[in-house]
Amino acid sequence: MEVKQKVKENTVYDDRKERASTDDFGRAISRIAAAQICENIGFEGFNESALDSFADITVKYLYDLGKTATFCAILAGRTEVNVFDVIEGLGDLGGSTGASKNKRKIPCFVQMDETPAFKHIPLWMPAFPDRHTYARASTWNERASDP
């Protein structure tokens, strides 16, 4: 009599199908956050596809903010990001808050239709202030002749 051996198939248990991956968890959290944002600004309902798109945009924005804040920290010679890096990152990304929103643009020589007094000064540099802004100031040292 011949003995038949059962050949056991070499199967590996794959539990990835049963457990949710970290990507699924992050996606679910971003959807909940996007839904809460929509509810807070007055929406009573939304399409699933719109919610998914909004969640994806939010995740991408947060990713870009993290990269920008990290870049600011590295430029400052630090290895850890602080709140000032995040604020600067918000300004760089065009957020409603940030350190760069209140910066005033100084016109250059070309915009002022002026030529620099010296040849070595490029036209794209900021123009010099009008002489009356510094020549007659109270702190100006009045001399008979300028050296």
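See the structure printed just above.
Here the structure is a predicted model, which is why all the values come from computation and not from measurement. (Residues numbered from 1 in each chain as written. Predicted model: local features only at pLDDT ≥ 70, side-chain atom pairs only at ≥ 80, totals over all residues. Heavy atoms only, no water.)

A.B. asks: Run through the overall build of the protein, naming residues and quoting values.
C.D. replies: Each helix and strand in the protein was counted, giving four helices and zero strands. Sequence-ordered secondary structure for the protein, helices as α and strands as β, is α-α-α-α. Partitioning the intrachain contacts of the protein with sequence separation of at least 6 by distance along the chain shows that 17% fall at a separation of at least 24. For the protein, the exposed surface amounts to about 13300 Å²; the carbon and sulfur share of it is 57%. (Helix = DSSP H or I, 4+ residues; strand = E, 2+ residues; numbered from the N terminus. Contact = heavy atoms within 4.5 Å. Areas by Shrake-Rupley, 256 points an atom, 1.4 Å probe, with all protein chains shown as cover.)

A.B. asks: Report on the pattern of salt bridges, specifying residues and quantitative values.
C.D. replies: Tallied over the entire structure, the rule returns five salt bridges. When the shortest N-O distance is used, the salt bridge between K60 and D64 registers 3.2 Å. Residue K60 and its partner D64 are located together in helix α2 (residues 48-75), separated by four residues, close to a single helical turn. Under the relative-accessibility criterion, K60 is labelled partly exposed at 48%. D85 is the salt-bridge partner of R78, the closest N and O atoms lying 2.7 Å from each other. Sharing partners across several salt bridges, the network here consists of R31, E48 and D52. (Salt bridge = Lys/Arg side-chain N within 4 Å of Asp/Glu carboxyl O. Buried < 20%, exposed > 50% of the residue type's maximum accessible area, 1.4 Å probe, protein only.)

A.B. asks: Could you give me a rundown of the side chain of D85, with the residues and numbers involved?
C.D. replies: Note that D85 resides in helix α3 (residues 83-92). A polar contact is formed between the side chain of D85 and the backbone nitrogen of N82, at a distance of 3.0 Å. Those residues within four positions of D85 in sequence are excluded, and the remaining contacts are A69, C72, A73, R78 and E80. (Polar contact = N/O pair within 3.5 Å; in protein donor to acceptor, adjacent residues only side chain to side chain.)

A.B. asks: Describe α3, listing the residues and the values that go with them.
C.D. replies: Listing the buried residues of α3 in full gives D85, G89, L90 and G91. Looking at the packing, one finds that the buried side of α3 touches α2. Measuring from the side-chain oxygen of the N-cap residue of α3 to the backbone nitrogen of F84 gives 3.0 Å; that N-cap residue is N82.

A.B. asks: Outline the environment of G89, supporting the account with residue identities and numerical values.
C.D. replies: Relative to the helices and strands, G89 resides in helix α3. Beyond its immediate stretch of four places on either side in the chain, G89 contacts L65 and T68.

A.B. asks: An account of the environment of F109 is requested, with residue identities and associated values reported.
C.D. replies: Mapped onto the elements of the fold, F109 is located in the loop between α3 and α4 (132-135). We classify F109 as buried; its relative accessible area is 1%. Between the alpha carbons of F109 and P122 there is a distance of 8.5 Å; along the sequence they are 13 residues apart. When sequence neighbours within four positions are dropped, the list of residues in contact with F109 reads E114, T115, P116, I121, P122, L123, M125, P126, A127 and F128.

A.B. asks: Please provide a residue-by-residue account of the packing of α2 against α3, values included.
C.D. replies: With their axes 8 Å apart at the nearest point, α2 and α3 run at an angle of 120° to one another. Between α2 and α3, the angle is such that the two are oblique. Remark: the crossing between α2 and α3 carries right-handed chirality. Counted together, Y61, L65, T68, A69, C72 and A73 of α2 and D85, V86, E88, G89, L90 and D92 of α3 form the full contact between these two elements. The class makeup of the residues in the contact of α2 with α3 is seven nonpolar, two polar and three charged. (Axes fitted to C-alpha atoms, helices over the stretch in contact; angles between N-to-C directions. Parallel < 35°, antiparallel > 145°, perpendicular 65-115°, else oblique. Left-handed = near helix turned anticlockwise from the far one by under 90°. Nonpolar A, V, L, I, M, F, W, Y, C, P; charged D, E, K, R; others polar.)

A.B. asks: Would you mind going over the side chain of S30 in detail, with residue names and values included?
C.D. replies: For S30, the position within the fold is in helix α1 (residues 22-40). Not counting the four nearest positions on each side in its chain, S30 is found in contact with A55 and V59.

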